[in-house]
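# Structural features, examined
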Amino acid sequence: MGVSEIAIEARNAVKAFGQGAAAVRALDDVSVQIRKGEFFTLLGPSGCGKTTLLRLIAGFESPTSGQILLDGQDITNLPPNRRPVNTVFQSYALFPHLTVAQNVGFGLQMQGKPKAEVEETARRMLALVRLEAMADRKTSQLSGGQQQRVALARALAPKPKVLLLDEPLSALDLKLRKEMQVELKRLQTETGITFVFVTHDQEEALTMSDRIGVMSAGKIQQIGAPRDIYTRPVNRFVASFIGETNFLPATLQGAAARLGTGDLVELTDPPTRSGTVTLTVRPEQVRLAESGIAATIASWVYFGTDTHVHLALRDGTEVVARLQSNPSGETGLTQGAEVHLRFAPGAVQVLGD
Amino acid sequence: MSLEDDARARNVRSAWALSAPALLILLLAAAGPLLIVAVYSFLSPGKYGNVEWVFSLDGWRGILFTKDIFDDTLKLADAHLTIFWRSVKLSLLTTGITFLVGFPTAWFIATRPPRARAFWLFLITIPFWTNLLIRTFAINEVIRNEGLFNTVMIKLGLFDTPLRIINTDAAVLMGMTYVYLPLMVLPLFAAIDRFDMRLLEAGYDLYASRWQVLRRVILPIVKPGIIAGSILVFVPSLGAYVTPRVLGGGKNMMIGNFIELQFGQGRNWPLGAALSMTLLIVVMAALLIYVRAANKGGNGHG
């Protein structure tokens, strides 16, 4: 990848809060390259450092050490008002004393653009988020979803090189959130602007992103396309944070792994090392079969589209299988019954730790 | 009449009954004296003070004009105009200076952690618990020719002769700024306390410099606090009596002292009453214009 394709980059960024022994590393040596025009998501639980990284890029915080580069230029010491980067805030942070159109035009006005251009761009941006009719309203007269759109239009109006979105959908109800997810993706495609999106919602990350950076404890755990992250998690954290999964302790034996029950599981992508490892397999990749690993049915929960069956292996390991419902919704399962299970080919991953 | 209407009527009756004591006090203590002052302004002065019950417009005429001692022709009273002008000028300056000093102070307090905030607010309000006269004499003690400031400056060899501050407009200004500062800080604090600090980041993010954030984001939003503080400082400044008396000496009178003079040595109660009414009307008119203009400015901004 050439340097010119990278929109924003963090190099060994460290951010420590507090002094001396009490210092907390919110960001611990984070390096990440975000490509031009991509929808990049920083995903992680609260307190993982994702918002801190976003604030470093915006310029609201300066790193304890390390660099932030925009288009290959070091912008680490540039104040936020001189960075061609705009933010959509979690709280929207709309100016209550200005109308919707004035809010949207604020950035351009501060850049000293002529009045006609400011008004024209504000109108165009409001059309982009479908709020032309609200241009002269006060922001307090808008609903949460509409305020969200104004915040988006306001951040997009100055045509930033990178748009930062700090959990912008978390305050919306489920239905509105789904609509805005589609809307955001559409805006990103239409404007071609690089989006850096922060969320703790794994589904949001999977459905919207070109690439995801999963963060935990101030470090980036894994960067990759949604499919890679879901199907080939590198460690236990990533595997459990994104979707549901089963963990199985095992010992490596060549191209296979021996479970605690003594059963052998074939690996499509065996690691070179040996010893004890943890295997992971998604519930939807576990099937009940005539033969295979013996298990007892502990319980099940009916979810409509599928049924989650909790199984106990011989060595006590718990495995959850997600079985697609049949037309009648009946599972034909009995509690305590002996069954056998198999894993779909290629579904078993060896975790790195 | 339905049961509901009946209950409502009873509520209204009891509400009136409950507020009756307050209304009575307002009537007797505010409206009553005001009425007396209004009536007095249209009467003739008595020889030894008080009034004679003879209708006369001399009180009102005396605000701007004086009768020549020899030929009874009316002349514009320069001395009065000087006093009015000084009052307005010093009051506006006091309002301006308390704002310039009070805004950073209020901002500082509002951005402290809640516990420290209470402490700082307490410090700001301490002067309120002290008698105005004592506070004014304290200022006098600091700035008079043999006072703290001049003694220290001369001892340090910075001045040869004491700097004359006392009995000047500057001394009055200093005193009023000190006395009325809390009245500016408190409403500003209340407004800044409600201000959403996240808007600062939004401003910086949208290319506004620190100065632009102050002018385009902070000031318009805390404007109600600025208006309230300005009114609370300007109105009592205009009618100030103790401060110009103690710090301005006899000569640098403001309207308050001038009015007192009419009821005292001047023995011209109708003129004093007319001056009081004028002050009241001017303040009301100024407030009305100010509030109107301030509100209009808020909507058409951009």
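Note that this is a predicted model, so its numbers are computed, not measured. (Residues numbered from 1 in each chain as written. Chains lettered and ligands numbered in written order. Predicted model: local features only at pLDDT ≥ 70, side-chain atom pairs only at ≥ 80, totals over all residues. Heavy atoms only, no water.)

Looking now at the overall build of chain A. When helices and strands are counted, chain A shows eight helices and 20 strands. Expressed along its principal axes, the backbone C-alpha trace of chain A runs to roughly 75 × 50 × 40 Å. The proportion of buried residues among the 353 residues of chain A is 50%. Counted over contacts in chain A with a minimum sequence separation of 6, partners at least 24 positions apart contribute 67%. Carbon and sulfur atoms provide 49% of the accessible area of chain A, an area that totals close to 16,100 Å². (Helix = DSSP H or I, 4+ residues; strand = E, 2+ residues; numbered from the N terminus. Buried < 20%, exposed > 50% of the residue type's maximum accessible area, 1.4 Å probe, protein only. Contact = heavy atoms within 4.5 Å. Areas by Shrake-Rupley, 256 points an atom, 1.4 Å probe, with all protein chains shown as cover.)

Before going further, it helps to examine helix 5 (residues 132-143) of chain B. Residues and elements named next belong to chain B. Between the first and last C-alpha of helix 5 there are 17 Å, a value that for 12 residues agrees with the 16 Å anticipated at 1.5 Å per step. Residues of helix 5 that are buried: Arg135, Thr136, Ile139, Asn140 and Ile143. All buried residues of helix 5 project into a common sector of 145° when viewed along the axis, lining one side. Elements that come into contact with the buried residues of helix 5 comprise helix 6 (148-155), helix 7 (169-194) and helix 11 (242-247). For helix 5, the capping residue at the N-terminal end is Asn131, with a side-chain oxygen 2.6 Å from the backbone nitrogen of Leu133. (Expected span 1.5 Å × (residues − 1). Arc of directions from axis to C-beta. Polar contact = N/O pair within 3.5 Å; in protein donor to acceptor, adjacent residues only side chain to side chain.)

Next up on the list: the side chain of Ser41(B). All names here are of chain B. Among the structural elements, Ser41 can be located in the loop between helix 1 (3-40) and strand 1 (44-45). Judged by its relative accessible area of 0%, Ser41 falls in the buried class. Apart from the residues within four sequence positions on either side, Ser41 is in contact with Ser56, Gly59, Trp60, Pro270, Ala273 and Ala274.

As a further point, take the environment of Val152(B). Within the secondary structure, Val152(B) is located in helix 6. For Val152(B), a relative accessible area of 41% corresponds to the partly exposed category.

We now examine the sheet that holds strand 6 (residues 85-88) of chain A. Residue and element names in this part refer to chain A. One open sheet accounts for six strands, arranged 6-7-8-3-9-10; its pairing is mixed. Bordering the open sheet on either side are strand 6 and strand 10 (219-224), each of which pairs with just one other strand. Averaged over all pairs of adjacent strands, the angle between strand axes in this sheet comes to 20°, irrespective of strand direction. Sitting on the sheet, helix 5 (residues 174-191) is in contact with strand 3 (39-43), strand 7 (162-166) and strand 8 (194-199), with an inclination near 160° to strand 8. (Pairing = 2+ DSSP bridges. Axes fitted to C-alpha atoms, helices over the stretch in contact; angles between N-to-C directions.)

Time to look at the UniProt feature "transmembrane region" (unreviewed entry) in chain B. Residues and elements named next belong to chain B. UniProt marks residues 21-43, 90-111, 118-138, 170-192, 213-235 and 271-291 with the feature "transmembrane region" (unreviewed entry), using the numbering shown here. Each end of residues 90-111 is marked by a C-alpha atom, and these two atoms are 31 Å apart; helix forms 95% of the span and strand 0%. Strand forms 0% of residues 213-235 and helix 96%; the C-alpha atoms that close the span are 30 Å apart. (UniProt positions renumbered as here; feature names shortened; annotations may be inferred.)

So, about a nonpolar patch on the surface. Residues and elements named next belong to chain B. Taken together, the side chains of Phe108, Phe119, Trp120, Phe122, Leu123, Ile126, Phe128 and Trp129 make up a nonpolar region of the molecular surface, amounting to roughly 790 Å² of accessible area. Here the nonpolar patch takes four residues from helix 4 (residues 114-125), the largest share from any one element. Assignment of secondary structure puts Trp129 in the loop between helix 4 and helix 5. Given the relative accessible area of 66%, Trp129 is considered exposed. (Patch = residues over 30% accessible without salt bridge, like charges linked within 9 Å, V, L, I, M, F, W, Y side chains within 5 Å. Salt bridge = Lys/Arg side-chain N within 4 Å of Asp/Glu carboxyl O.)

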